[in-house]
Amino acid sequence: MNAPLPLRVALTCLWRTAAINAGMTARGMQQLGLLYVLAPALRHLYPEPEARRRAFARYAEHTNTHAFMLPGYAGLLISMESQIAAGSVPEAIIASLRQTLATTLSALGDSFFSGAVRTSWALISICLVLCGYPLAAALFTGLLILLLMAFRVTCFFYCLRNGIVSLQWLRRLNIVSWTERIKIFNALLIGLTLWCMLVEDMQDWAWQARTGVFLFIPVAAWLIGKVHVPRTLLWLAALGVFIFLESGAIRF
């Protein structure tokens with residue numbers, strides 16, 4: 001384990017991760033933002049000008065990862081830099097670690113946060129608002145923000161303290177499996193959202209029809225994911241049912 005930085009410097013780096021995308025460029029992506037995050041740590045670890053110049057040069061290339069995974073990524077890089085400064089590991093280790101880790105964390109962050117959690121937040125908030133609980137939706141949003149901030153802080157300090165060993169911890173989190181579970185939950189939420197939107201119009205429908213509306217999206221998601229039924233076929237089937245309903249050929 002490592003304790004590479006004074007708390008003041010570590011907190012400065014952590015605070016700067018919130019502004020990572022402010023320095024985005026088309027060519028280097030998060031290159032400038034990452035340098036901005038790491039700068040206080042690199043100045044502390046490398047007081048000699050030549051060593052500091054080489055340290056900054058190691059990050060003068062394209063860099064891009066998910067913004068929510070960035071604190072853990074930065075913490076691990078700082079931990080590795082502390083070992084380089086102490087002479088424990090060679091400088092060359094950063095180049096391969098930086099690119100490989102950035103790509104992996106980007107994929108995990110895109111699937112978990114952007115593809116799963118954000119969708120859950122939107123659907124739950126919509127359901128709460130449709131049911132007449134806008135304050136609950138606002139409180140739920142605030143809770144998620146607090147949990148996200150706690151995740152960012154935890155990842156940063158854990159990776160900062162444990163270095164390369166922290167990758168095992170990230171693996172044990174099993175983010176891929178959680179992403180799949182949340183996406184299944186989201187399919188159910190979509191069905192619930194449709195129910196909340198159409199409940200007033202379904203007062204005269206039979207219970208079988210109401211159940212079908214609720215279960216259509218989850219069943220469709222299962223058929224697409226497990227049986228590999230073409231999406232177009234399912235949507236055409238749903239469109240056909242609605243056409244028959246509007247024409248009066250099917251009555252409930």
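Residues numbered from 1 in each chain as written. Predicted model: local features only at pLDDT ≥ 70, side-chain atom pairs only at ≥ 80, totals over all residues. Heavy atoms only, no water.

The protein carries the name PTS system mannose/fructose/sorbose family transporter subunit IID in an unreviewed UniProt entry, which gives Candidatus Desulfovibrio intestinipullorum as its organism.

Q: How should a nonpolar patch on the surface be read in this particular structure?
A: Where nonpolar side chains cluster on the molecular surface, the patch consists of I126, L130 and M197 and spans about 280 Å² of accessible area. The exposure class of L130 is partly exposed, given its relative accessible area of 43%. (Patch = residues over 30% accessible without salt bridge, like charges linked within 9 Å, V, L, I, M, F, W, Y side chains within 5 Å. Areas by Shrake-Rupley, 256 points an atom, 1.4 Å probe, with all protein chains shown as cover. Salt bridge = Lys/Arg side-chain N within 4 Å of Asp/Glu carboxyl O. Buried < 20%, exposed > 50% of the residue type's maximum accessible area, 1.4 Å probe, protein only.)

Q: Where do I start with the packing of aromatic side chains in this structure?
A: Geometry of an aromatic ring pair is reported as the spacing of the ring centres plus the angle between the planes. Across all of its chains, the model carries 5 aromatic pairs by this definition. With centroids separated by 5.1 Å and ring planes inclined at 85°, the aromatic side chains of F68 and F113 adopt a geometry described as edge-to-face. Separated by 45 residues along the polypeptide, F68 in the loop between α3 (49–57) and α4 (70–85) and F113 in helix α5 (residues 93–130) bring together distant segments of the chain. Accessibility expressed as a relative area gives 29% for F68, which makes it partly exposed. We classify F113 as buried; its relative accessible area is 10%. By way of ring pairs, the aromatic residues F68, F112, F113 and F151 are connected into one cluster. Over the ring of Y36 we find R16, and its NZ or CZ is 4.1 Å from the ring centre. Seen from the ring of W178, R181 lies directly overhead, with NZ or CZ sitting 4.9 Å from the centre. (Phe/Tyr/Trp six-rings, centres within 6.5 Å; stacked < 30°, edge-to-face > 60°. Helix = DSSP H or I, 4+ residues; strand = E, 2+ residues; numbered from the N terminus. Lys NZ or Arg CZ within 6 Å of the ring centre and 35° of its normal.)

Q: Please clarify how the nonpolar core should be interpreted in this entry.
A: Nonpolar side chains in soluble globular proteins tend to end up buried together. Grouped together as the largest cluster of nonpolar side chains are 46 residues, with contacts concentrated most on L5, L34, L38, Y59, Y73 and I78. Counting only elements with at least two residues in this core, the list comes to α1 (7–16), α2 (31–45), α3, α4, α5, α6 (134–162), α7 (166–172) and α8 (175–198). Here this core takes 9 residues from α5, the largest share from any one element. Other than its neighbours up to four places away in sequence, Y73 contacts L34, T63, T65, R98, L101, A102 and L105. (Core = buried A, V, L, I, M, F, W, Y, C linked by side-chain atoms within 4.5 Å. Contact = heavy atoms within 4.5 Å.)

Q: I tried to follow α6 on my own but got confused; where do I start?
A: Within an α-helix, residues lying three or four positions from one another point in the same direction, as the helix has 3.6 residues per turn. Along its 29 residues, α6 runs 42 Å from first to last C-alpha, staying within 8% of the 42 Å computed at 1.5 Å per residue. Every buried residue of α6 is listed here: A137, L148, R152, C155, F156, C159, L160 and N162. Positive phi shows up at G163, right after α6, with a value of about 65°. (Expected span 1.5 Å × (residues − 1).)

Q: Sorry, what's going on with the UniProt feature "transmembrane region" (unreviewed entry) in the protein here?
A: The feature "transmembrane region" (unreviewed entry), as given by UniProt, occupies residues 121–145, 151–170, 182–199, 205–225 and 232–250 in the numbering adopted here. The distance from the first to the last C-alpha atom of residues 121–145 is 10 Å, and the span holds 88% helix and 0% strand. (UniProt positions renumbered as here; feature names shortened; annotations may be inferred.)

Q: I would appreciate a short explanation of the pattern of salt bridges in the present structure.
A: When their charged atoms lie close together, side chains carrying opposite charge are able to pair. For the structure on display, the rule yields 4 salt bridges. Between E50 and R53 there is a salt bridge, with the nearest N and O atoms lying 2.7 Å from each other. Here R53 and E50 lie together in helix α3, a separation of 3 residues that amounts to about one turn. On the basis of relative accessibility, which here comes to 43%, the residue E50 falls in the partly exposed class. Of the residues examined, R53 reaches a relative accessible area of 47% and is grouped as partly exposed.

Q: How should the layout of surface pockets be read in this particular structure?
A: Take a probe with the size of a water molecule and roll it over the atoms, and the empty space left behind shows itself. Estimates place the volume of the largest pocket at around 640 Å³. In terms of lining, the largest pocket is formed by 20 residues, of which the most central are F112, F113, V117, L144 and L148. Listing elements by their share of the lining of the largest pocket, those giving two or more residues are α5, α6 and α8. The greatest single-element share of the lining of the largest pocket, amounting to 8 residues, is contributed by α5. When the residues that make up the lining of the largest pocket are grouped by side-chain class, the tally is 16 nonpolar, 3 polar and 1 charged. (1 Å grid on protein atoms, 1.4 Å probe; cavity = no way out; pocket = protein on both sides within 12 Å on 5 of 7 lines; lining within 4 Å. Points joined across faces, edges and corners; volume = space filled by probe spheres on them. Nonpolar A, V, L, I, M, F, W, Y, C, P; charged D, E, K, R; others polar.)

Q: How should the side chain of T63 be read in this particular structure?
A: Assignment of secondary structure puts T63 in the loop between α3 and α4. In contact with T63, other than residues within four places in its own chain, are G28, M29, Q30, Q31, L34, Y73 and R98.

Q: How do you make sense of the side chain of S125 when you look at a structure like this?
A: Within the secondary structure, S125 sits in helix α5. Judged by relative accessible area, S125 falls into the buried class, the value being 11%. In terms of polar contacts, S125 uses its side chain to reach the backbone carbonyl oxygen of W121, at 2.8 Å. Aside from chain neighbours lying at most four places away, what touches S125 is A137, F140 and T141. (Polar contact = N/O pair within 3.5 Å; in protein donor to acceptor, adjacent residues only side chain to side chain.)

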